[in-house]
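Listed below are the residues making up each chain.
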Amino acid sequence: MIFTNARLIFPNEIRDGLELVARKGKIIAIREQTQAPGEEIVDLAGNYLAPGFIDLHVHGALGRDTMESSAESFRAICDFHANGGITSLLLNAVRDFTQRRARRSRPTSAIAGVHVEGPFISKAKCGAQREEFIQKPSLARVEQLLDHTDVIKRITIAPELPGALEAIENFHAHGISVSGGHSDAFDEDARAAFERGMGSVTHTFNCMSSARRRGVYRVGGLLEFALSEPQISCELIADGHHVSPTLMKMLYRAKGCGGICLVTDATAGAGLPDGSQFSLFGSDCVVEAGVCVLADRSALAGSAAQMIHLVRTMVSKVNVPLHEAVAMATQNPARAIGLDTKGRLAVGADADLVVLSPELDVLQTFSGGEEILSGQTLPSH
């Protein structure tokens, strides 16, 4: 299969005059346009061709929640996000039994694993998560999760909790990406966690500590540590609601293109019209003005966005070049969780692809070279 007449998006540039050849689910060539006879030609009519998007942080969509742990709910969630250009995602869970269910039921190739967001978080920064589920990272609880390293790819943990540093070191040693989040840590707590293996932070600016006074001194929190440490990767919910344009610009200036992973943090309200009600961790929520909030309006409850909405926001509100915004949704998250064959247009990589119009609408999505969904995006938020 030859994808031709397209503008190919690479991490450092956009190139015309090339064609991409896929065979048996892999990219086997990127070359000057030839349209060799005998191959299936996919004429992309001058539109963009990018790697399939990767989302490290998904709770649900269309009224379905990942905690249902059913093939039906997983497929509905994956299909919705494929319409937004996503070809690989991590389903979020908050309790270890969910991993057992997820391992028994993998309905689509889009599911790259599980992101465990909780229960090892701060009660002071729990956001929409329910306080009664929060626990300390005891050795017994950590070992329960380590029984599922084939499924768990990422875990969010508050570095300041008793036992957190040992847990971070343990998770890291077992190949699980550790992200600091839902945390009230001081910067020295974050530094200690980084030295034990914490490589990223979860939904930057949301549910994390920032600079404050300790006694008579002003000290940083998890946010300032993440901004100042070049090796820390920062998740960003760039839906236009969770983080203001000024803060997104500040993050971009601090971290550059390579230090940001766009995440939707989409919950069951994603894809539902304003006024729709849904449940998150057993709490009543509602979709309002294009974002999800707790019913009492006390906190945000995830986003209602698809990944293409975040890419558009970075381009239109933060003035990030398109190729860099795409890298934040592809190459960077792939690197964060070790998906070596995904997130890039390169020979040997998986033929996970998304076709974008000049207006940045998703026209087609391909997984392993096969079209999975076409042309059904929601309006931009």
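Because the structure is a prediction, the values reported are computed rather than measured.

How each quantity is defined
Residues numbered from 1 in each chain as written. Predicted model: local features only at pLDDT ≥ 70, side-chain atom pairs only at ≥ 80, totals over all residues. Heavy atoms only, no water. Pairing = 2+ DSSP bridges. Helix = DSSP H or I, 4+ residues; strand = E, 2+ residues; numbered from the N terminus. Axes fitted to C-alpha atoms, helices over the stretch in contact; angles between N-to-C directions. Parallel < 35°, antiparallel > 145°, perpendicular 65-115°, else oblique. Left-handed = near helix turned anticlockwise from the far one by under 90°. Contact = heavy atoms within 4.5 Å. Nonpolar A, V, L, I, M, F, W, Y, C, P; charged D, E, K, R; others polar. Core = buried A, V, L, I, M, F, W, Y, C linked by side-chain atoms within 4.5 Å. Buried < 20%, exposed > 50% of the residue type's maximum accessible area, 1.4 Å probe, protein only.

1. Thoughts on the sheet that holds strand S11 (residues 152–157)
(1) Moving on: What the eight strands build is an open sheet, ordered S6-S9-S10-S11-S12-S13-S16-S17; its pairing is parallel. Each edge of the open sheet carries a strand with a single partner, namely strand S6 (53–58) and strand S17 (260–262). Adjacent strand axes in the sheet meet at a mean angle of 25°, parallel and antiparallel pairs treated alike.
(2) Moving on: As paired elements, strand S13 (residues 198–201) and strand S16 (residues 233–236) share two bridges and run parallel to each other.

2. Notes on the packing of helix H4 (residues 164–173) against helix H5 (residues 187–196)
(1) Moving on: Relative orientation of the contacting elements H4 and H5 amounts to 30°, with a least axis distance of 8 Å. Classified by the angle their axes make, H4 and H5 are roughly parallel. Considering only the axes of H4 and H5, their crossing is right-handed. Taking contact as the criterion, the partners of Leu165, Glu166, Ile168, Glu169 and His172 in H4 are, on H5, Asp189, Ala192, Ala193 and Arg196.
(2) Moving on: Among the residues forming the contact of H4 with H5, the class breakdown is four nonpolar, one polar and four charged.

3. Here we look at the nonpolar core
(1) Moving on: Among the nonpolar cores identified, the biggest contains 74 residues, and Phe53, Phe171, Leu236, Leu262, Val311 and Met314 are the most heavily contacted of them.
(2) Moving on: Apart from residues no more than four positions distant in its own chain, Met314 is found in contact with Leu236, Ala238, Met248, Leu262, Asn319, Val320, Ala325 and Met328.
(3) Moving on: If you look at the next biggest cluster of nonpolar residues, it comprises 17 residues, including Ala6, Leu8, Leu44 and Val355.

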